[in-house]
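# Chains, contacts and geometry: an overview
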Amino acid sequence: MPPPPANPTPKNPPPQSQTEYQAIAAKFAAAKRAKEAQDAAKARKAGVAKAAGGDAIVKDRVSLADKQRAALETRRKSNFEARWLWTVGFWVWLLLIHVAGIAYFTSGFLLTRLMLDEKSVCDAPPTLNTSTNGVVDILPNWKGKGTVDGGCWHPKTFERAVVVVIDALRYDFTVPVKDDAPFHNAFPFMYDTALASPNNAVLRPFIADPPTTTLQRLKGLTTGTLPTFVDVGSSFAGTAVEEDNLLMQLRDAGKRIVHLGDDTWESLFPGYFQANLSRAYDSFNVWDLHTVDNGVIEHIFPLTKRKGDWDVVVAHLLGVDHAGHRYGPDHPEMAKKLRQMNTFIKDLASNIDDDTLLIVMGDHGMDSKGDHGGESEDEVEAALWMYSPKPVFGRTKPEYVTPPATAKIRPTNQIDLVPTLALLMGIPIPYNNLGHPIEEAFVGPRGTAWDRLAAAERMAAAGIKRYQTSYFSARGIEQATAPASPADLWDKAEALVPKGKVKKGHSWQPVFLAYAEYQRETLDYSKSLWARFDVKNMVIGISIMASSVIALLVYINKRTEDDDVLVIEDSELDQAEKSLELQGITADEGQTLEKRLFRAAMLGALPGIFGGLVQSYLSGNGDWYRGSAIGALTSVATVLVALYDAEGPSFNVLPTTLWGWMAVVFTISQSIGFASNSYTIWEDSIQLFMMTTFGLVAAFSAFRMESLPDRFMTVYHSILFVLLGRLASFSKLCREEQMPYCTSTYYASATSSTSAPWQLTIPFIAAMILPSIIKAYLKPSKSYEGLAPTWIGYVFRAGLFFSAIYWVLDAADNGNWLSSLSSLSSYLPSSASDTLSSLPPLPDKALKALAVYTAQMIFGLALVAGSTAFVWAPPCISIVTTALRFPRTAADPLAAIPGAQTAQVTVLGYGNAHGARYLLLPLNFFVALFLLTKPMGAGALALTLWQSLSLLEILDLLNLPIGSNPIGPVMLALLGQNAFFKTGHQAVLSSIQWDSAFIPLYSIKYPWSPLLVILNTFAGQILATILVPMLVLWKSGPKRRGILGSVSRALGVFVAFYATQALASMMWAGHLRRHLMLYRVFSPRFMTAAVTLLVVDVVAVVVGLAGVRVNVMSVAEVFGWAD
């Protein structure tokens, strides 16, 4: 719909406070009194009321009627509030059922590993119990054997160690690459040193095990095991690592540990570090590239001069990781940060002595946008560099002197660092370790010390065997002894170890290779062992979710005979019902369907919860939470029984209309498609196909309409709906599996996480035209009245405009525009150059501060002021009373009355009183979501809002009410899902835009930072959820009946769409749990669907139903209660 011309001056000024309620009501009452005056005049003309006491009788009757009407309004208001509370109770119950189902499935689906309490000790090497040939050590006795000073299990090489973790240091950042990418060839020192001095340094690809999050990676780097999503143990202390680990062994050996940098170490290892020397920094502020790095650099060099105060330094720098999150790797800031790291490592290497080992490593890599968390090659390929001023390292082959050109060549697992560092420092290898020693560290400078390498490999392998024996015993698992099994490989390796005195020149290489093969096979076996799912819990979770979907579908279809009447605006019916109520004849308002369902749910849950607790107590297994599962199932069962007993038709299995079939096909086909990894990967494109199909079917359906104007408008809105969806599809963020058949447009480039300059214009365009578009949709129903012109035309537009300003400030800060501006002074005339140079410089981080203040102002405007205005605003209507004068006939009873007039009352916006006012609520939230979404996504979100308004018009013109046609909520759910993809997200962890947590904040603040990330990630679904009541309220007048029930059923269809997706993703993820693409495709899709469902449930209750309550009460206060 084209935007209309500039706003006309309203006939009445828009209401600005709660007192306008009385003003509008007074006008309405004045119009009624004018009508009563006409009736009184007629009565006097006819001689009906001539008696002297007639006026008093009439006044008494009017006073009594007023009191009865007031009592009726109070009773109807009370009944509405009670129905609303029962409805909210029903939806809260459904939310809890969804939580129970998802939690149970998750507990069985996300892999678990039993944490053992055993710890390695210095004087008890694992070969004491695992050797099958009686040989404890391959190497002859060395000085200090069995002690920390000489080496517990292997001769000690170093007294001290400096471990530098450069977060997200991808391997290709450290090797020469023949291209012009900013992130290549900026960090050459480690490669050059390893190449020029192979006995002093070694550079290897360092492969991380997913998930590639810092927390899980640090656990693997210190324990030597494979952290799964859920680590189960006998004690829980937050996120602290309780199992045996490197830092625990160092501490028990009396080593003094200093920590600098990322504060994640402090939470993982509380009390391990020297408090007077350690410095921890906030790790989550991805906007800050320098504070952590500068702090580490500032404090680490003085420590190199105080060698008597520490034994191990752990320094964790975050600048590279934050540069990736903020800008992406393909940005000058990344090159600048890598050059800083190059200088830092070069200077640090020159400041350590021969007794100190320097290790530099990345905990993970980053994808093409600078994010991580998944298992793509770029995310798991980190770098490892080890350096010593004394010649320690060697190569087993001459060609290994040159560091690998890519991470595909000679990679080493990150867990291999654990036994390597432990043996080099002379401490025991942690008990749970599954890694093996890195060969360059033990083969000697000449590359011929196979005995030392075999001894180190055998000691690590013996520790692995000891751990496996303990783990199998704790789990009750019998070890396999078949050929090529780990047990068989161990026996073969042990058979190669000579007994007694070893002849000179004995070949130890086969021994090393045999134990290395045992380690590899055991590692693969352990991965498969920990990929054992708890199928019972998965089935329980799926059962709970399936039963909730069935209950929701029955609830949607369970309409009583009165429901079809409730949506009708019939003045005669309303008057008849009021007459009966005034006589004391009322319906049983207390027995609503939601009330019966909520009571049944609570009563049904109690036996299940009690039974679960009793079962847990009697069995003694401690799974008290089992009661929640039983309670959820029994609760849903009683709700289904209550639905069966309720009045109304039985559950309709098959739809009866084309639109109903379309809604079912869209929902079911989407859910079935999740069984295919290719369908899931290209889900964003399939969404567009479904939306286009609906638009075309709606356009063809218009030709069956008799009214030519309605036919034209239906075709217009249908085509507009399709075109807007196509336009929004230009905003796209490709996932790795879509390459090279996909082109990302969400950021400046596929390797960037910042917006291009031209993209910054998109929010300004939206700020200019979107308010006018909304006005154009309100004008035909005369509902652009009351508060609407002020709020939409000024406040809403201002919020969008300042959001656009925010992203300009952000781009200026990211791109150092002010520095670029000062560099242009040489190209300006001397006078202009002098003026520019004379301006005082802005304070440090001034642009960031200005951007934060702007964002906070927008949030205050949208959510604080906006919510206040929505709660207190009257309906968006204006009442106009016009006095009509015209010639009267002798038969007219008013003809004999001098100056008699006829009053004509016009209520502008009456036909859309509910819809126009409620629209203010999603518009307020839209401003907040618009701010949190980057410029390209903000444009897509604006198009989604426009599409939603066109959808409302299509449903109204085609007469598709919610009661009999579920297509409206399903299409709105598809719009929300499509907006999820068009705002820069995919069903993968790496697409989470963590920097949104800092848009209105300087640092992490709970709970606001996580909430901001949720609003950014699920902006499309949140907006769609808030818009669901509009399907009922749009073009609804004040006398619309049954609004609450209709909204609840519309929410039922909408939530059923997302619940079906969550159920399908759970079923397919469980069925395909051995699929190669499980953790890359199916598991992230399940997690996305599950979190989306919970977000939709919460928003539906907290915002949707609460907004409907406020809206209905506001309209009823002016026009009276319809039911």
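Residues numbered from 1 in each chain as written. Predicted model: local features only at pLDDT ≥ 70, side-chain atom pairs only at ≥ 80, totals over all residues. Heavy atoms only, no water.

Note the cis peptide between Met-739 and Pro-740, where omega equals 5°. Within the fold, Pro-740 resides in the loop between α24 (708–728) and α25 (761–778). Residues Tyr-1006 and Pro-1007 are joined by a peptide bond in cis, for which omega reads 5°. Inspection of the secondary structure assignment puts Pro-1007 in the loop between α33 (967–982) and α34 (1008–1017). Positive phi is not limited to glycine here, since Ala-484 has a value of about 70°. For Ala-484, the position within the fold is in the loop between α13 (450–475) and α14 (486–495). Even without being a glycine, Lys-782 presents a positive backbone phi close to 60°. If you trace the backbone, Lys-782 turns up in the loop between α25 and α26 (788–815). (Helix = DSSP H or I, 4+ residues; strand = E, 2+ residues; numbered from the N terminus.)

This part is about the sheet that holds strand β5 (residues 257–262). With mixed pairing, the eight strands of this open sheet are ordered in space as β6-β5-β7-β2-β8-β9-β3-β10. With one partner strand each, in any of the chains shown, β6 (279–281) and β10 (412–413) form the two edges of the open sheet. In this structure, strand β3 (residues 201–207) lies alongside strand β9 (residues 381–387), joined through seven bridges in antiparallel fashion. By the bridge assignment for β9, Ile-207 is matched with Glu-381. (Pairing = 2+ DSSP bridges.)

Turning to the pattern of salt bridges, a few remarks are in order. Counted by the stated rule, this structure contains 27 salt bridges. Notably, a salt bridge pairs Lys-369 with Asp-367, separated by 3.2 Å at the nearest N-O pair. The partner of Glu-439 in a salt bridge is Arg-410, and the shortest N-O contact between them spans 3.8 Å. One end of the pair, Glu-439, is in the loop between α12 (417–425) and α13; the other, Arg-410, is in the loop between β9 and β10, with 29 residues separating them in the sequence. With relative accessibility at 18%, the residue Glu-439 sits in the buried group. One salt-bridge network, in which partners are shared between bridges, spans Arg-204, Arg-410, Glu-439 and Glu-440. (Salt bridge = Lys/Arg side-chain N within 4 Å of Asp/Glu carboxyl O. Buried < 20%, exposed > 50% of the residue type's maximum accessible area, 1.4 Å probe, protein only.)

Attention now moves to the nonpolar core. Of all hydrophobic cores here, the largest spans 185 residues; its most connected members are Phe-694, Ile-774 and Phe-926. Sorting elements by how many residues they give to this core places helix α38 (residues 1078–1119) first, with 19 residues. Phe-926 has contacts with Leu-770, Phe-796, Leu-800, Leu-941, Ala-942, Leu-945 and Leu-1023, leaving out every residue within four places of it along the chain. In this structure, Trp-142, Met-248, Ala-441 and Ala-456 belong to the second largest nonpolar core, which totals 78 residues. (Core = buried A, V, L, I, M, F, W, Y, C linked by side-chain atoms within 4.5 Å. Contact = heavy atoms within 4.5 Å.)

Summing up the model confidence of the chain, the mean pLDDT is 83 and the portion of residues at 70 or higher is 83%. This model gives residues 231–238 a pLDDT under 50, and the stretch forms 13 contacts once residues within four places in sequence are excluded. Between residues 560–568, whose pLDDT stays under 50, and residues either more than four places distant or in other chains, the model counts 15 contacts. (pLDDT = per-residue confidence, 0-100.)

Another aspect to go through is the packing of aromatic side chains. For the coordinates displayed, the defined rule picks out 35 aromatic pairs. Between Tyr-467 and Tyr-471, the ring centres sit 5.9 Å apart and the planes meet at 50°, which makes this aromatic pair tilted. Of this pair, Tyr-467 and Tyr-471 both sit in helix α13, four residues apart, roughly one helical turn. Of the two residues, Tyr-467 and Tyr-471, both sit in the buried class. On the numbers, 5.6 Å between centres and 35° between planes, the contact of Phe-926 with Phe-930 is tilted. Pair noted here: Phe-926 and Phe-930 are both in helix α31 (residues 920–932), with a separation of four residues, about one helical turn. An identical accessibility class is assigned to Phe-926 and Phe-930; each is buried. Site record: aromatic cluster; members linked through ring pairs are Phe-90, Trp-91, Trp-93 and Tyr-555. The aromatic ring of Phe-158 is capped on one face by Lys-390, whose charged end is 5.1 Å from the ring centroid. Positioned above the aromatic ring of Trp-84, the side-chain terminus of Arg-1109 is 5.3 Å from the ring centre. (Phe/Tyr/Trp six-rings, centres within 6.5 Å; stacked < 30°, edge-to-face > 60°. Lys NZ or Arg CZ within 6 Å of the ring centre and 35° of its normal.)

Take the packing of helix α29 (residues 846–872) against α31 next. Interhelical geometry of α29 versus α31 gives an angle of 170° and a closest axis separation of 9 Å. Between α29 and α31, the crossing angle belongs to the class labelled roughly antiparallel. Packed against α29, whose contacting residues are Ala-855, Ile-858, Phe-859, Ala-862, Leu-863, Gly-866, Ser-867 and Phe-870, the element α31 presents Leu-920, Leu-921, Asn-924, Phe-925, Val-927, Ala-928, Leu-931 and Leu-932 at the interface. Of the residues in the contact of α29 with α31, the class split is 13 nonpolar, three polar and no charged. (Axes fitted to C-alpha atoms, helices over the stretch in contact; angles between N-to-C directions. Parallel < 35°, antiparallel > 145°, perpendicular 65-115°, else oblique. Nonpolar A, V, L, I, M, F, W, Y, C, P; charged D, E, K, R; others polar.)

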